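Spelled out from the first residue to the last, the chains are:
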Amino acid sequence: MFESGDFGAGIIDGNSCVAGLLAVAGRDRHRENLCRVRVVESVCNVVEIRLADADDRGGDPSDALRDAVCEAAGALRMSWRQIRAFTDTGFELDRLPLTAIRFSCGMLDWSHVTVMTSVLGYASDETIKAIESDAVAAAARFNAPSLRKKLWRLWMTHNPDEAAVARALSARAGREVSVRQEGDGTAILHAQLTDLEGAEADALIEEIAGTVCKSDPRSLRQLRVDGLLALLHSEEVLECHCDRGEQCPVFGITDAPPPRRGHLVQILVDVQTLLGLTSSPAVLADGTPLDADLARLVAKDTQWQALLTELVTVLTSSGVAVPGGGDIRRPAALLSNSTVGQPLSEHLIGRGRVRRGGIVPRAFPRTFGPARSEISESVRAKFSAELLATIENDPTLAAGMFPDGHGGLTCPPPGALTYKPSTETAARVRMSHRTCTFEHCDVSSTKCELDHIVPFDHNNPERGGWTIETNLHPVCTRHHQAKTSRSWTVALLQGCAILWTSRSGYRRISLPDPGGLGLPRARRRGKRGSEPEPDPVTVTWWEKNQSPGTQPPTTKDLRDAATDVARARIQNLRRRFREHGAVVRLRERAEPPPF
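Overview of the structure. (Residues numbered from 1 in each chain as written. Predicted model: local features only at pLDDT ≥ 70, side-chain atom pairs only at ≥ 80, totals over all residues. Heavy atoms only, no water.)

Here we look at the overall build of the chain
Link 1 in the chain: Broken down by element type, the chain carries 18 helices and 14 strands.
Link 2 in the chain: Evaluated residue by residue, the chain yields a buried proportion of 40% over its 595 residues.
Link 3 in the chain: Pairs at least 24 residues apart make up 69% of the contacts formed inside the chain by residues separated by at least 6 positions. (Helix = DSSP H or I, 4+ residues; strand = E, 2+ residues; numbered from the N terminus. Buried < 20%, exposed > 50% of the residue type's maximum accessible area, 1.4 Å probe, protein only. Contact = heavy atoms within 4.5 Å.)

A few points about the nonpolar core
Link 1 in the chain: Residues Ile83, Phe103, Val119, Leu147, Leu151 and Trp155 are the most contacted members of the largest nonpolar core, which totals 37 residues.
Link 2 in the chain: Mapped by element, the contributors of at least two residues to this core are α1 (14-57), α2 (61-76), α3 (80-92), α4 (97-104), α5 (110-120), α6 (125-139), α7 (144-158) and α8 (160-174).
Link 3 in the chain: For this core, the leading source of residues is α7, giving seven residues.
Link 4 in the chain: Among all residues touching Trp155, those that are not within four sequence positions of it are Val119, Tyr122, Ala123, Thr127, Ile131, Pro160, Glu162, Ala163 and Ala166.
Link 5 in the chain: Counting 15 residues, the second-largest nonpolar core is a separate cluster that includes Phe438, Cys441, Ile453 and Cys476. (Core = buried A, V, L, I, M, F, W, Y, C linked by side-chain atoms within 4.5 Å.)

Observations concerning a nonpolar patch on the surface
Link 1 in the chain: A cluster of nonpolar side chains, Val177, Val179 and Leu189, forms an exposed patch at the surface whose accessible area comes to about 290 Å².
Link 2 in the chain: Residue position: Val179 is located in strand β1 (residues 176-181).
Link 3 in the chain: With relative accessibility at 56%, the residue Val179 sits in the exposed group. (Patch = residues over 30% accessible without salt bridge, like charges linked within 9 Å, V, L, I, M, F, W, Y side chains within 5 Å. Areas by Shrake-Rupley, 256 points an atom, 1.4 Å probe, with all protein chains shown as cover. Salt bridge = Lys/Arg side-chain N within 4 Å of Asp/Glu carboxyl O.)

Points about the sheet that holds strand β14 (residues 507-510)
Link 1 in the chain: What the three strands build is an open sheet, ordered β12-β13-β14; its pairing is antiparallel. Bordering the open sheet on either side are β12 (488-492) and β14, each of which pairs with just one other strand. Ignoring which end each strand starts from, the neighbouring axes of this sheet average 20° apart.
Link 2 in the chain: Judged from the four bridges that link them, strand β13 (residues 498-502) and β14 form a sheet pairing that is antiparallel. Bridging across to β14, Ile498 finds its partner in Ser510.
Link 3 in the chain: The sheet contacts of helix α13 (residues 377-393) involve β13 and β14, and relative to β14 the element is tilted by about 140°. (Pairing = 2+ DSSP bridges. Axes fitted to C-alpha atoms, helices over the stretch in contact; angles between N-to-C directions.)

Some remarks on the packing of α5 against α6
To describe two helices that pack against each other, one gives the angle between their axes and the distance between the axes.
Link 1 in the chain: Interaxial distance between α5 and α6 falls to 11 Å at its minimum, and their mutual angle equals 155°. Taken as axis vectors, α5 and α6 run roughly antiparallel relative to one another. Crossing angle aside, the handedness with which α5 passes α6 is right-handed. Where α5 abuts α6, its residues His112, Met116 and Leu120 lie against Ile128, Ile131, Ala135, Val136 and Ala139.
Link 2 in the chain: Considering only residue class, the contact of α5 with α6 consists of seven nonpolar, one polar and no charged. (Parallel < 35°, antiparallel > 145°, perpendicular 65-115°, else oblique. Left-handed = near helix turned anticlockwise from the far one by under 90°. Nonpolar A, V, L, I, M, F, W, Y, C, P; charged D, E, K, R; others polar.)

Some points on helix α15 (residues 477-484)
Link 1 in the chain: For α15, the set of buried residues is His479, His480, Ala482 and Lys483. Relative to the axis of α15, the buried residues are bounded by an arc of 155° and lie together on one face. When the buried face of α15 is taken as reference, the exposed residues oriented beyond 90 degrees from it are Arg478, Gln481 and Thr484.
Link 2 in the chain: Structurally, α15 contributes buried residues whose contacts are with β10 (449-452), β11 (472-475), β12 and β13.
Link 3 in the chain: One or two residues past the end of α15 sits Arg486, with phi positive at roughly 65°. (Arc of directions from axis to C-beta.)

Examining the sheet that holds strand β4 (residues 282-284)
Link 1 in the chain: In space, the three strands of this open sheet follow the order β3-β4-β5, with antiparallel pairing throughout. Edge positions in the sheet fall to β3 (267-268) and β5 (289-290), since each has one partner strand and no second.

Section: empty space enclosed by the protein
A water-sized probe rolled over the atoms picks out the places where empty space is left.
Link 1 in the chain: This structure, assessed with the given rule, holds two cavities of 30 Å³ or more.
Link 2 in the chain: Around the largest cavity, the lining is made up of 23 residues, and of these Arg141, Phe142, Thr435, Cys441 and Asp513 lie nearest the centre.
Link 3 in the chain: Elements represented by at least two residues in the lining of the largest cavity include exactly α7 and β14.
Link 4 in the chain: With four residues, α7 is the single largest residue contributor to the lining of the largest cavity.
Link 5 in the chain: When grouped by side-chain class, the residues that make up the lining of the largest cavity number six nonpolar, eight polar and nine charged. (1 Å grid on protein atoms, 1.4 Å probe; cavity = no way out; pocket = protein on both sides within 12 Å on 5 of 7 lines; lining within 4 Å. Points joined across faces, edges and corners; volume = space filled by probe spheres on them.)

Some thoughts on the pattern of salt bridges
Link 1 in the chain: Under the counting rule described, the total for this entry stands at 23 salt bridges.
Link 2 in the chain: Arg31 is the salt-bridge partner of Asp28, the closest N and O atoms lying 3.7 Å from each other. Highlighted residues: Asp28 and Arg31, both in helix α1, separated by three residues, approximately one helical turn.
Link 3 in the chain: With a relative accessible area of 46%, Arg31 lands in the partly exposed category.
Link 4 in the chain: With a closest N to O distance of 3.1 Å, Arg84 and Asp88 form a salt bridge. In this pair, Arg84 and Asp88 are both assigned in helix α3, four residues apart and thus about one turn of the helix distant.
Link 5 in the chain: Judged by relative accessible area, which is 26%, Arg84 ranks as partly exposed.

What is shown is where atoms sit, not what they do.
The following block contains the structure:
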């Protein structure tokens, strides 16, 4: 591709070449945005002309709009839905002046603009005036899916009643399930659910995908597909495809599946909201906001775990509060024109035990207590810009606060010299960032790997980066591989910010954003009940009714069973053999030692 342009010829420094090409791509992306602005403007003008003609003739505006959209679709060789997206977005921009200006200047991508208009298009003028500035600042920090969640959180914080009505209307109108055949042997199943329904569906699929052993040859993606189909068939476990037979840890689980347990969905909610004192929105582990009343309703029948947090003030003249570290002095350049004393994040101090649900107090009227304000996106953007400018003037700061990976400590604390972090350390790290720390990556931290910022030295753990909170961050597999291959480097900066630096010199900053504490990929199922301990002396059913050496039916026999009666008979034989095996193992343990 592009054989006519030998971009790398005669260039010694490949990184400089890459940096130049990316600069050109950024310029062209800006031009692409400007071209999209002109296309949207032209299509909207066409619609307005047709509507004006219809008004002059006394025609039907709906017919005029339909004809104008079809006319534009035919001329531009685009679908009707694409043209309608142009018109809907263009007309909604009249109510979003800051968004329209940034879009007209080519500073906002089309994907971000459509998210802004689709979410805020139903908000009141007063709400738009209050949150649009932060919304525009957030568009520079988040990708489109994450921006949508952030906009809802801003709206629910400012006016929870108005946001609740809009979300209810969206949920009623948007819930659907459809299947589209792709023609290449695959099909796409699309389901649009409410936030809680989606989180529960994901937990169900993840749970059933974890009912096979680790030797199953299928990938996690394939297991999730098989798990979804199993759930549609009212099955609760998957049949393991390993070739270990009786040695498989889940041997026979498909014959007698245990009863379904409650599902695990993590919701983070302030105690003030839980007590009905404020109306701050709750959030799922990936940042999806939930209405405060809905969170209180769910809390009545669930398990709770108290999380004690504190705000981290990163812009002070004295220093920076860093979890796990001390008072870190900041360069003077960061203090110029900065928002002194503005807390940018919060970190976990401690966790309580998991407790059973209790009575949730009666909520006060919404007017009693305002929602807790989130950290302004404008402040975040300003802090990131100041931090990048400071590093540009003094590149040595890009090495981070703790280049040795020891967090400012002289002696390794317990667990620091072990590669795998403890449960408590992992929980703190996952809570510090809601998603992967790479900018615009929206993979939830609960599904990320925990990466050592300064690599762990397996040969000499004390010399390498330690397994401590200040040397760990959540990162998805793709960006973890990019760091491992040295395409990008990572450093911890002031205020627990994470700096990513590319091989060609590009720098991106990810600021802390508290999220969930992480859930296990597969949950262990409880025992089916208190069954009596088998008696090793009694002759088993298998010994009475089967010849010595007889093997049980295989899973293939079970799959190939022609009738339900045959399947039930095979399941019964496999169950009898499992009971026989348990008794045999008890007899072996009861035998005296061979001496």
